[in-house]
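The chain contents come next:
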Amino acid sequence: MAAVRVLAVADEVVEALYGPRLASIAPGLVVACGDLPFEYLEYIVTMTNVPLVYVLGNHDPELARAPVAGQLAPLSWVTEHRTQGPSGCLSAEGRLVEAAGLTIAGLGGSIRYSRGPNQYTQGQMWRRAGALVRRRALRVGRRRPVDIVISHAAPVGAGDGPDPAHQGVEALNWLIERWSPRLLVHGHVHPYGARRTDHVVGTTKVVNAVGYRALEV
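Reading guide: rules and limits
- Residues numbered from 1 in each chain as written.
- Predicted model: local features only at pLDDT ≥ 70, side-chain atom pairs only at ≥ 80, totals over all residues.
- Heavy atoms only, no water.
- pLDDT = per-residue confidence, 0-100.
- Contact = heavy atoms within 4.5 Å.
- Pairing = 2+ DSSP bridges.
- Helix = DSSP H or I, 4+ residues; strand = E, 2+ residues; numbered from the N terminus.
- Axes fitted to C-alpha atoms, helices over the stretch in contact; angles between N-to-C directions.
- Buried < 20%, exposed > 50% of the residue type's maximum accessible area, 1.4 Å probe, protein only.
- Core = buried A, V, L, I, M, F, W, Y, C linked by side-chain atoms within 4.5 Å.
- Arc of directions from axis to C-beta.
- Phe/Tyr/Trp six-rings, centres within 6.5 Å; stacked < 30°, edge-to-face > 60°.
- Lys NZ or Arg CZ within 6 Å of the ring centre and 35° of its normal.

Novice: Teacher, can you tell me more about the confidence of the model for the protein here?
Specialist: Parts of the model with low pLDDT should not have their predicted coordinates read in detail. Across the protein, the average pLDDT comes to 90, with 89% of residues at or above 70. Residue range residues 75–81 is modelled with pLDDT below 50. Its contacts to residues more than four positions away, or to other chains, number 8 contacts.

Novice: Whenever I open this one, the sheet that holds strand β7 (residues 96–99) confuses me. Can you help?
Specialist: The strands that make up a sheet are held in pairs by hydrogen bonds between backbone atoms, and each pair lies either parallel or antiparallel. With mixed pairing, the 6 strands of this open sheet are ordered in space as β7-β8-β11-β12-β14-β13. Because the sheet does not close on itself, it has two edges, and the strands there are β7 and β13 (199–201). Taking each pair of neighbouring strands and ignoring which way they run, the sheet shows an average axis angle of 25 degrees. Note that β13 and strand β14 (residues 204–208) share 3 bridges and pair antiparallel. Its bridge partner lying in β14, His199 is registered against Val206. Against the sheet, helix α4 (residues 122–138) engages β7 and β8 (102–107), with an angle of about 155 degrees to β8.

Novice: It is not clear to me how the pairing of β14 should be interpreted in this structure. Could you clarify?
Specialist: Moving residue by residue along a regular strand, the side chains alternate between the two faces of the sheet. With respect to burial, β14 is a largely interior element, 4 of its 5 residues being buried. The pairing of strand β12 (residues 183–186) with β14 spans 4 bridges and is parallel. Across the sheet, the residue bridging to His186 is Asn208, located in β14.

Novice: Sorry if this is basic, but what is going on with the nonpolar core here?
Specialist: Nonpolar side chains in soluble globular proteins generally cluster together in the buried interior. Core analysis: the biggest nonpolar cluster contains 22 residues, and Val6, Leu29, Val53, Ile104, Ile148, Ile150 and Val185 have the highest contact counts within it. Among the elements of the structure, β1 (5–10), β2 (29–32), β7, β8, β11 (148–151) and β12 are those that each provide at least two residues to this core. In terms of residue count, the dominant contributor to this core is β1 (3 residues). Setting aside chain neighbours within four positions, we find Val53 in contact with Leu29, Val30, Val31, Ala32, Leu90, Ala92, Val97, Ala99, Ile104 and Ile150. Formed by 21 residues, the second largest nonpolar core is a distinct cluster that contains Tyr120, Val133, Ala153 and Leu172.

Novice: What should I look at first to understand helix α2 (residues 38–48) in this one?
Specialist: Because an α-helix packs 3.6 residues into every turn, residues spaced three or four apart end up facing the same way. Of the residues making up α2, those classed as buried are Phe38, Tyr40, Leu41, Ile44, Val45 and Thr48. Along the axis of α2, the buried positions cluster into a sector of 160 degrees, meaning they face one direction only. Of the exposed residues in α2, the ones pointing more than 90 degrees away from its buried face are Glu39, Thr46 and Met47.

Novice: Hey, could you run me through the packing of aromatic side chains in this one?
Specialist: A ring pair, where both rings are aromatic, is described by two values, the distance of the centres and the angle of the planes. Within this structure, the stated rule accounts for 3 aromatic pairs. On the basis of an interplanar angle of 45 degrees and a centroid distance of 4.7 Å, the ring pair of Tyr18 and Tyr43 is categorised as tilted. In this pair, Tyr18 sits in the loop between β1 and α1 (20–25) while Tyr43 sits in helix α2, placing the two residues 25 residues apart along the sequence. Here the guanidinium or amino end of Arg128 rests over the ring plane of Tyr120, the centre of that ring lying 4.0 Å away.

If you want it as structure tokens, here you go:
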């Protein structure tokens, strides 16, 4: 299989991608790792005309199921929740999706540090990762390898931060050990001008996509 050029984006809107740089990257796939305006993702998927697969970050709105049909939603529910993500994009939130000939698994959100949306305890992340593994086991093509894992937070010890808001997710290390994906892409941890360092866990390359990264898989 020929290599796929992947544009990975997360956390920071890059003004240059509104210009010719996006066309020069010429991705075959876009992955978005959270905390970006949905309008930005809709622009990217429109201009590239390739699949865009995303997970949610801890500053994204909570995408909850709408109330039962025929029931009026309370005003507080309407203002605090959305039911749809960015138009034209594929959600990998707790799911596996096929795009550009690759299998992509997603586990968004961060470790809980406040009362905001899309935050989970380590135990909740373990349960979400376990559900993701079970979903793969039920797939007809489950023998096909998982090529990319996209997350918002980083695995433990591979690009996470020391403070409570940016600590790594233990369950991501388990998914790496179990699946050995070629790539795990995350956001959440801003380099703030520091030199960005990629990590390798087992045979998996772990990449921080804050801003954007152009990769090949």
